[in-house]
Amino acid sequence: MAVIERVREMHGELVELRRDIHAHPETAFEERRTSDIVARKLEAFGIEVHRGLAKTGVVGTLRSGGSTRAIGLRADLDALPIQELNAFAHRSRNDGRMHACGHDGHTAMLLGAARYLAETRNFDGTVNFIFQPAEEGEGGGRAMVEEGLFERFPVEAVFGMHNWPGMPVGRFGLRAGPMMASSDVFEITVRGRGGHAALPHDGVDPIVAASAIVQALQTIVSRNVNPVDAGVVSVTQFNGGRTWNVIPDEVVLRGTTRAFRPATQDLLETRLREIAEGLARAHGAEARVHYERRYPPTVNSARETELCARVLEAMAGPENVERDIDPVMGAEDFAFMLQAKPGCYIFIGNGPGEGGCMLHNAHYDFNDEILPIGASYWARLVEYALAKP
Ligand code: NI
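Residues numbered from 1 in each chain as written. Predicted model: local features only at pLDDT ≥ 70, side-chain atom pairs only at ≥ 80, totals over all residues. Heavy atoms only, no water.

A. Looking closely at the environment of T270. Inspection of the secondary structure assignment puts T270 in helix α8 (residues 262–282). Placed 185 residues apart in sequence, T270 and L85 show a C-alpha to C-alpha distance of 41 Å. (Helix = DSSP H or I, 4+ residues; strand = E, 2+ residues; numbered from the N terminus.)

Dropping the structure here:
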């Protein structure tokens, strides 16, 4: 692994910084302490700092040479509403909040790269270091784009990175095309006519109607989505009734859908509405569907993916770069930045981890060993993408 020597020297400081952020996790749009640390560090490195984008977002701008070319590198700042179950010294001091997705590490890696690039300036153009709030479900990436991120800080491409537990340290994964899925949520209210459980013929049972809907929703992926494409429809809540002998008036179903292609995302919504409304009617009931588009798929552009793969192969060796990694059905709000600009989102191996636990687990921790690896990747990407003439 060709980690940059100067970045390796910073390892101790990056570990300290990462653990400090880990110990003080902040959730969506409340990352005041974290964004304060980021802004003060960037200023100390001699980087121009812009605060307050999407409330707690920070952008650092670093110029070198005379080129008008520019790229953006993005890290996420926020933690999750999880009670941490780790016992190590840097465990969360904030009750009910935890860096269980490694955004503490993402922030530290980008700061490490920012420091190195500010010291060396071995590139020609502009780098915008984008520290975004509220990645976890609240759409901080979308908020930044809507507040004019790319009008204020024009870039030709934007890049993101996420740690991946289970992938060995020193390994990377990426692919051109969809890398993460879309994520939408739905609520279906099935309205019947309640009554005595012993006299079902006098009412309309929404529990039976809703059960039929839950079953039939699974035919969207098995019968409507092209078998070579992918989709998920998961009903995760089924709420109705309070006692044994009363048929309730209504049942509320909630859940989520996932897809890699916008056309499939459209199909999931259309069929979900048709099935819920049609089946409710067939049972003499009525369904009201509320469907909310949350995140589009995260789609890497071919040119930028090739660029990142080359940088990674030069750094880690081709045997450690999986160029056609399986996409993941989770969602990522970096998708909004990739809708606005070409770019590439990669996975960096976080190693097996404590007990092999995955992201969003109460025992998860970011692996400090990879801090200089990720920071070196960011630095080399800039030196390669904005190479001096
Ligand atoms: Ni995450």
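That shown, we press on.
B. Expanded view of the domain arrangement of the chain. Partitioning the chain into domains gives domain 1 (5–180 + 297–385) and domain 2 (183–295). For domain 1 versus domain 2, the separation of C-alpha centres amounts to 38 Å. A per-residue breakdown of the area domain 1 buries against domain 2 is headed by P297, M329 and A331, which together make up 55% of the total. Where domain 1 meets domain 2, there are 0 salt bridges. Split into classes, the residues belonging to the side of domain 1 that touches domain 2 amount to 8 nonpolar, 3 polar and 6 charged. (Domains from an automatic or database assignment. Buried area = accessible area lost by both parts, 1.4 Å probe. Salt bridge = Lys/Arg side-chain N within 4 Å of Asp/Glu carboxyl O. Nonpolar A, V, L, I, M, F, W, Y, C, P; charged D, E, K, R; others polar.)

C. Main features of the pattern of salt bridges. All chains considered together, the criterion is met by 35 salt bridges. The residue R63 makes a salt bridge to E48 at a minimum N-O spacing of 3.0 Å. Residue R63 is located in strand β2 (residues 57–64), and its partner E48 is located in strand β1 (residues 48–53); the two are separated by 15 residues in the primary sequence. When its relative accessible area of 47% is taken as the criterion, R63 is described as partly exposed. Among the charged side chains, a network of salt bridges with common partners joins R6, E9, E13, R115 and E119. (Buried < 20%, exposed > 50% of the residue type's maximum accessible area, 1.4 Å probe, protein only.)

D. Summary view of helix α2 (residues 11–23). Across its 13 residues, α2 extends 18 Å between first and last C-alpha, which sits within 8% of the 18 Å expected from 1.5 Å per residue. Taken as a whole, α2 has its buried residues at L14, V15, L17, R18, I21, H22 and A23. The secondary structure elements touched by the buried residues of α2 are α3 (32–44), α4 (103–120) and α11 (371–385). (Expected span 1.5 Å × (residues − 1). Contact = heavy atoms within 4.5 Å.)

E. Broad picture of the nonpolar core. If you look at the biggest cluster of nonpolar residues, it comprises 92 residues, and the most contacted ones within it are L42, L73, F129, F131 and Y377. If you look at the next biggest cluster of nonpolar residues, it comprises 24 residues, including L217, A259, I275 and A276. (Core = buried A, V, L, I, M, F, W, Y, C linked by side-chain atoms within 4.5 Å.)

F. Structural view of the side chain of E31. With respect to the helices and strands, the residue E31 is situated in the loop between α2 and α3. No salt bridge is formed by the buried E31; the nearest opposite charge belongs to R32, separated by 7.5 Å. Within polar-contact distance, the side chain of E31 engages the backbone nitrogen of F29 at 3.0 Å. A polar contact is formed between the side chain of E31 and the backbone nitrogen of A134, at a distance of 2.8 Å. (Lys, Arg positive; Asp, Glu negative; His and termini not counted. Polar contact = N/O pair within 3.5 Å; in protein donor to acceptor, adjacent residues only side chain to side chain.)

G. Just the sheet that holds strand β5 (residues 157–164), in detail. Taking strand neighbours across the sheet as the criterion, the 8 strands line up as β1-β2-β4-β3-β5-β16-β6-β15 in an open arrangement whose pairing is mixed. Each end of this open sheet is capped by a strand with a single partner; those strands are β1 and β15 (321–322). Looking at chain direction, β5 and strand β16 (residues 343–349) are connected through 7 bridges and run parallel. Across the sheet, residue V158 finds its bridge partner in β16, namely G343. With respect to the sheet, α4 is in contact with β2, β3 (70–76), β4 (125–132), β5 and β16, its orientation differing from that of β3 by roughly 145°. Helix α9 (residues 302–316) contacts β5, β6 (172–173), β15 and β16 of the sheet and is inclined by roughly 30° relative to β16. (Pairing = 2+ DSSP bridges. Axes fitted to C-alpha atoms, helices over the stretch in contact; angles between N-to-C directions.)

H. Structural view of the packing of helix α7 (residues 206–224) against α8. Direction vectors running N to C along α7 and α8 enclose 145°, while the axes themselves pass 10 Å from each other. With respect to the hand of their crossing, α7 and α8 are arranged in right-handed fashion. Facing α7, whose interface residues are A212, I213, A216, L217, T219, I220, V221 and N224, α8 presents L267, L268, R271, L272, I275, A276, L279 and A280. Taken together, the residues of the contact of α7 with α8 break down into 13 nonpolar, 2 polar and 1 charged. (Left-handed = near helix turned anticlockwise from the far one by under 90°.)

I. Quick look at unusual backbone geometry. Even without glycine at this site, R121 takes up a positive phi of about 45°. Looking at where R121 falls in the secondary structure, it is placed in the loop between α4 and β4. Here H360, not a glycine, exhibits a phi torsion of approximately 70°, which is positive. With respect to the helices, strands and loops of the structure, H360 is situated in the loop between β16 and α11.

J. Seen up close, the coordination of the nickel ion. Within the protein, the nickel ion binds to C101 (SG), H103 (NE2) and H162 (NE2); these donor distances fall in the range 2.1 to 2.2 Å. Sequence spacing of the donor residues for the nickel ion, all on one chain, is C-x1-H-x58-H. With H103 in helix α4 and H162 in strand β5, this pair connects stretches of sequence that are 59 residues apart. Of the two residues, H103 and H162, neither departs from the other in class, the shared state being buried. (Donors = N, O, S within 2.8 Å, 3.2 Å for Na, K, Ca; no water.)

K. How the structure looks around the packing of aromatic side chains. Across all of its chains, the model carries 6 aromatic pairs by this definition. Measuring from ring centre to ring centre gives 5.7 Å for Y295 and F336, while their planes differ by 85°; the resulting arrangement is edge-to-face. Note that Y295 is positioned in strand β13 (residues 286–295) and F336 in helix α10 (residues 335–340), a separation of 41 residues in sequence. Across the pair, F336 and Y295 agree in class, each one buried. Put simply, the rings of W164, F334, Y345 and F347 touch in pairs and so form one group of aromatic residues. (Phe/Tyr/Trp six-rings, centres within 6.5 Å; stacked < 30°, edge-to-face > 60°.)

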